[in-house]
Amino acid sequence: MATLSIKDVRKAYGSVQVLHGVDIELEDGGFLVLLGPSGCGKSTLLNMIAGLDDTSGGDILIGGRSVVDLAPKDRNIAMVFQSYALYPTMSVARNIGFGLERRGVDADKRKRAVEDAARLLQISHLLDRRPANLSGGQRQRVAMGRAIVRDPELFLFDEPLSNLDAKLRVEMRTEIKRLHERLGTSIVYVTHDQIEAMTLGTKVAVMKGGYIQQLADPRTIYERPANMFVASFIGSPAMNFLPGRLVRNADCVRFEASGVSMAMLASNPAEVSERPVVLGIRPEELKVAARDQASVTGMIDVVEPTGPETMVTVQVGERSVTARVPPRFAGQRNEAIFLTVDPVSINLFDPDTEQRIDI
Amino acid sequence: MTSSASRYLPFRALGELSETRYWMYLLLLPSLVLILLVIAYPTLYGMAISFREMRLTRPGLDGWVGFKHYAAMWSDPVFWIALKNTVVWVTAAVVLELALGLLTATALNRDLPGTKIFAVLILLPYFLPNVVAGHMWALLLDPRLGVINDILVRVGVLQTYKAWFADPNAALAATILVEAWHGFPFFALLLLAGLKSIPEDLYKAAAVDGAGVAAQLRLITLPMLKTVIAAAVILRVISLVNSPDLLLILTGGGPGDATQVLSLYAFQTAYKEFNFGYASALSVVMFVILMIFAVAYIRMSRITKE
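So, how was this worked out
- Residues numbered from 1 in each chain as written.
- Chains lettered and ligands numbered in written order.
- Predicted model: local features only at pLDDT ≥ 70, side-chain atom pairs only at ≥ 80, totals over all residues.
- Heavy atoms only, no water.
- Pairing = 2+ DSSP bridges.
- Helix = DSSP H or I, 4+ residues; strand = E, 2+ residues; numbered from the N terminus.
- Contact = heavy atoms within 4.5 Å.
- Axes fitted to C-alpha atoms, helices over the stretch in contact; angles between N-to-C directions.
- UniProt positions renumbered as here; feature names shortened; annotations may be inferred.
- Salt bridge = Lys/Arg side-chain N within 4 Å of Asp/Glu carboxyl O.
- Buried < 20%, exposed > 50% of the residue type's maximum accessible area, 1.4 Å probe, protein only.
- Domains from an automatic or database assignment.
- Buried area = accessible area lost by both parts, 1.4 Å probe.
- Polar contact = N/O pair within 3.5 Å; in protein donor to acceptor, adjacent residues only side chain to side chain.
- Nonpolar A, V, L, I, M, F, W, Y, C, P; charged D, E, K, R; others polar.
- Core = buried A, V, L, I, M, F, W, Y, C linked by side-chain atoms within 4.5 Å.

Things to note about the sheet that holds strand β5 (residues 65-66) of chain A
All names here are of chain A.
- Within the open sheet, the 4 strands sit side by side as β2-β1-β4-β5. Their pairing is antiparallel. Two strands close off the open sheet at either side, each with one partner strand: β2 (16-26) and β5.
- Bridge analysis of strand β1 (residues 4-13) against β2 gives 7 bridges, and the strand direction is antiparallel. Looking at the pairing, Ile-6 lines up with Ile-24 of β2.
- Those strands touched by helix α1 (residues 42-50) are β1, β2 and β4 (57-62), and its axis lies near 115 degrees from that of β1.

This is the structure:
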């Protein structure tokens with residue numbers, strides 16, 4: 001168990017800057033998710049924490065100790081890889097115990113540690129097998145066993161679930177969360193899957209183009225995204241964006257766009273300037289209402305029942321928005337639909353900088 | 001309309017045939033005929049000749065002689081020397097080529113700038129035909145004109161020019177080195193393909209586990225390359241045992257029989273002494289030795305199990 005501090009860490013390959021001064025603090029026992037599309041630098045950052053890639057600048061501290069000059073094996077970390085990276089010639093037991101073996105832990109102690117880890121992951125019956133004879137989920141468990149048996153200060157997970165099928169991925173996700181709660185070891189977890197980020201992380205760093213776009217707890221990331229990239233990357237279906245204007249009359253600030261007119265909550269309405277903005281609304285915040293209460297008016301385009309809920313694509317002015325409504329929604333294509341939005345739940349963005357605006 | 005339906009349509013007939021199980025045999029037929037004509041028939045004929053007397057210099061002696069040639073081989077000292085030399089030559093050359101190839105492949109796998117050009121340059125020796133490579137090295141190692149002698153004398157390794165292929169001790173070693181130079185790109189190429197297929201994550205995991213370069217080679221690289229190495233070694237051994245050309249050009253089997261190998265001995269027996277019966281018997285023995293080697297090697301490396 002340890003804290004992790006990443007201080008102004010940079011990485012460049014020749015003249016190509018892939019990470020621009022990243023700062024992250026992770027609390028002891030925390031679960032940090034590095035989330036972003038491929039090529040955003042998240043795996044590079046993880047490799048730098050592990051010592052598999054050199055830093056071009058900045059410092060990384062694990063448990064208060066600077067590790068940038070240490071070899072991977074001396075950083076007291078354990079890593080789980082996307083391809084599991086099990087040694088094909090070794091039995092499952094030796095795979096799990098290999099890190100201890102290289103560190104000179106005696107055979108008896110090693111055997112006990114391996115058996116404990118195997119029991120925790122429910123793979124005791126597989127210890128004599130070779131990796132080639134295991135299923136994907138079993139290999140994943142062995143890879144995790146190899147990490148936890150070392151009892152490191154920090155676990156590093158590099159997209160550990162991407163090679164599993166959808167059902168197993170959900171199972172293993174729960175398993176990882178349970179393990180984290182049980183072991184309490186700090187974790188850094190790289191993924192491009194926003195659901196994994198939301199369910200697992202105590203802290204999520206959304207990355208793009210080598211910059212951290214937002215570093216916060218999952219709830220804040222979801223409800224108060226720092227910019228339009230974060231807003232659109234998190235959540236499925238994605239957040240609806242409606243370009244329009246803020247207008248003020250008397251002490252009331254309103255958002256106006258074609259088919260949309262709604263009151264905004266402003267901490268100090270008198271100081272809000274009239275300006276173009278982009279309104280961001282999560283699909284689940286759009287609720288079907290009576291005509292006289294509607295703040296968003298449009299035509300139903302597509303109705304997609306998924307079972308527990310129904311997705312309705314609505315044409316609002318020039319824009320198309322998605323509303324997540326109760327399953328027994330009765331509307332039909334080309335009918336008018338009236339929607340309300342709780343003004344607490346909306347987000348406003350600057351149309352030029354795409355950064356969040358608070359009023 | 002009805003008349004066109006009854007007309008003979010060759011492509012339709014072919015299409016219908018392709019739906020039947022005979023189609024497979026039809027597709028195999030051309031290559032099968034070729035193999036029978038070019039490989040199976042000469043092989044079997046060669047085996048048959050090994051039980052016959054067939055000397056172009058003594059046409060009258062033609063006839064079946066049973067195991068006479070094999071008995072003669074047993075008491076032929078040159079055969080035993082050639083057998084020993086074959087084993088030494090092939091083993092040493094393959095070991096050297098494998099080591100050099102692994103080294104080269106590992107270097108090329110680093111993907112450093114310039115490796116693409118190196119990859120092509122390093123393959124050059126293999127592109128040279130044996131005959132060309134042989135003549136080139138014969139010239140390089142020439143006792144009077146050779147560049148190698150000149151360099152070694154200038155550097156101070158040698159006192160005087162050395163006749164590499166005239167010294168029975170140096171001759172076999174020199175030919176092994178030439179063969180290693182010529183053959184290592186074959187290993188480099190195959191091993192590089194093998195290395196590319198090893199997931200990078202394995203090496204990262206090993207680094208985190210604390211395995212050094214030697215342990216990574218032993219625990220990851222070599223096991224993952226096992227199949228490629230086994231295939232490459234078998235192919236190379238077969239090709240080395242069967243090819244007399246390099247030795248024919250460099251030494252002709254001499255001095256004495258210091259570099260005489262089975263393939264060269266069989267070649268000379270057939271095309272210098274025109275004793276086809278005995279040459280065939282030698283070839284059959286080589287064939288059997290290679291078969292035994294291939295089967296034993298595959299068993300040993302257990303590549304068929306995975």
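With respect to the UniProt feature "transmembrane region" (unreviewed entry) in chain B
Residue and element names in this part refer to chain B.
- Here, the residues flagged by UniProt with the feature "transmembrane region" (unreviewed entry) are residues 22-44, 89-108, 117-140, 170-195, 216-238 and 276-298.
- Within residues 117-140, the helical portion is 92% and the strand portion 0%, while the C-alpha atoms at the span's ends are 25 Å from each other.
- Between the C-alpha atoms that bound residues 276-298 there is a distance of 32 Å. The span itself is 100% helix and 0% strand.

With respect to the pattern of salt bridges
All names here are of chain A.
- Applying the stated rule across the entire model yields 21 salt bridges over all chains.
- One salt bridge in this structure joins Arg-178 and Glu-175, with 3.2 Å as the shortest N-O distance. One end of the pair is Arg-178 and the other is Glu-175, both in helix α5 (residues 166-183) and 3 residues apart, which spans about a single turn.
- Judged by its relative accessible area of 9%, Glu-175 is buried.
- Counted as one network, the salt bridges with shared partners bring together Arg-141, Glu-175 and Arg-178.

Overview of the domain arrangement of chain A
Residues and elements named next belong to chain A.
- Along its sequence, chain A is organised into domain 1 (4-233) and domain 2 (240-357).
- If you average the C-alpha positions of domain 1 and of domain 2, the two centres end up 39 Å apart.
- Around 1000 Å² of area is buried between domain 1 and domain 2 when both sides are counted, 49% of it from carbon and sulfur atoms.
- For the pair domain 1 and domain 2, the interface holds 0 salt bridges.
- In this structure, the connection of domain 1 to domain 2 is made through 8 residue pairs in polar contact (both at pLDDT 80 or more).
- Broken down by secondary-structure element, the contributors of at least two residues to the side of domain 1 that touches domain 2 are α7 (218-223) and α8 (228-233).
- Its residues placed into classes, the side of domain 1 that touches domain 2 shows 6 nonpolar, 2 polar and 2 charged.

Digging into the nonpolar core
- Leu-4, Leu-34, Leu-45, Leu-156 and Val-188 of chain A are the most contacted members of the largest nonpolar core, which totals 83 residues.
- The biggest single contributor to this core is helix α11 (residues 213-242) of chain B, with 12 residues.
- Beyond its immediate chain neighbours, meaning those up to four positions away, Leu-4 of chain A contacts Ile-24, Glu-25, Leu-26, Leu-32, Ile-49, Ile-60, Leu-61, Ile-62, Leu-154 and Val-188 of chain A.
- Counting 43 residues, the second largest nonpolar core, distinct from the first, contains Phe-31, Val-114, Val-204 and Ala-216 of chain A.

Remarks on the interface of chain B and chain A
- Contacts between chain B and chain A engage 18 residues on the former and 23 residues on the latter.
- In total, chain B and chain A occlude about 1600 Å² of area from one another, counting both sides; carbon and sulfur atoms represent 63% of this.
- Among the residues of chain B in contact with chain A, Val-208, Asp-209 and Leu-219 of chain B are the three that bury the most area, contributing 41% of the side total.
- For the interface between chain B and chain A, the tally reads 0 salt bridges.
- Scanning the region where chain B abuts chain A turns up 7 residue pairs in polar contact (both at pLDDT 80 or more).
- When contributions to the side of chain B that touches chain A are tallied by element, the ones reaching two or more residues are α10 (200-209) and α11 of chain B.
- Take the side of chain B that touches chain A: its biggest share by element is 8 residues, from α10 of chain B.
- For the side of chain B that touches chain A, the class distribution of residues is 12 nonpolar, 2 polar and 4 charged.

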